Amino acid sequence: MATIGYARVSSTDQNLEGQLEALSHCDEIFSEKESGARNDRPELTRLLDYIRKGDTVECVRMDRLARDTRHLLNLVDDFEARGVTLKVQNISLDTGTATGRLMLTMLGAVGEFEKNLLKERQKDGIARAKEKGVYTGRKPTARAKAEEVMQLVGEGVKKAEIARRLDIGVASVYRIIKAANV
């Protein structure tokens, strides 16, 4: 029976130190710099392979483990099926108790609801800004370089090199080529 910590930040410029310090009492810690939107995070996968019956998985905050309710509840169901409990430090949650499980479900649902409200407000705000002519969206930087892309393609330059030279994405290079039917 071990306590296994999980720490995550979303980007490489963010720092894991605070989470690692809070989890320093754990027997093993899995940490990574990956987007929470990805369910197939490498260290989370390693953690899932590592845990055994009687273990406790611990994280500092719930959003470090999962971003949406469905993923969170699926993880907890997997933990329960394997005899593993989850503890979340900042809200003193322990899924080893009935109250903890109820609290987890409710918090997850509220988080999902809040995220959906934010998306709706953002969508409404953009629509209002478009009506006023204030919001026109991001400028199409890659399309503005279509002529340069096609010239480099004609010179036989590889697509990744074209993207690097013109500071655009490789996918944009492919889109421009496809649009030109080359």
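You'll find the structure just up there.
Residues numbered from 1 in each chain as written. Predicted model: local features only at pLDDT ≥ 70, side-chain atom pairs only at ≥ 80, totals over all residues. Heavy atoms only, no water.

## Looking at helix α7 (residues 159–166)
And then number 1: Of all the residues in α7, the buried ones are Ile-162, Ala-163 and Leu-166. Along the axis of α7, the buried residues cluster in a sector spanning 100°; they form a single face. Exposed positions of α7 whose direction lies more than 90 degrees from the buried face are Ala-160 and Arg-164.
And then number 2: In this structure, the buried side of α7 is in contact with α6 (146–154) and α8 (170–179).
And then number 3: A positive phi of about 55° marks Asp-167, the residue just after α7. (Buried < 20%, exposed > 50% of the residue type's maximum accessible area, 1.4 Å probe, protein only. Helix = DSSP H or I, 4+ residues; strand = E, 2+ residues; numbered from the N terminus. Arc of directions from axis to C-beta. Contact = heavy atoms within 4.5 Å.)

## Section: the packing of helix α4 (residues 69–81) against helix α5 (residues 98–131)
And then number 1: Taken N-terminus to C-terminus, the directions of α4 and α5 make an angle of 160°; their axes are 9 Å apart at the nearest point. One finds that α4 runs roughly antiparallel with respect to α5. Crossing of α4 against α5: the hand is right-handed. Listed contacts from α5 to Thr-69, Leu-72, Leu-73, Val-76, Asp-77 and Glu-80 of α4 are Arg-101, Leu-104, Thr-105, Gly-108, Ala-109 and Glu-112.
And then number 2: A per-class count over the contact of α4 with α5 returns five nonpolar, three polar and four charged. (Axes fitted to C-alpha atoms, helices over the stretch in contact; angles between N-to-C directions. Parallel < 35°, antiparallel > 145°, perpendicular 65-115°, else oblique. Left-handed = near helix turned anticlockwise from the far one by under 90°. Nonpolar A, V, L, I, M, F, W, Y, C, P; charged D, E, K, R; others polar.)

## Section: the packing of α6 against α8
And then number 1: Look at α6 against α8: their axes get within 10 Å of each other, and the N-to-C directions meet at 85°. Judged by the inter-axis angle, α6 sits roughly perpendicular to α8. Here Ala-146, Val-149, Met-150 and Val-153 of α6 lie close against α8, whose contacting residues are Val-173, Ile-176 and Ile-177.
And then number 2: Residue composition of the contact of α6 with α8, grouped by class: seven nonpolar, no polar and no charged.

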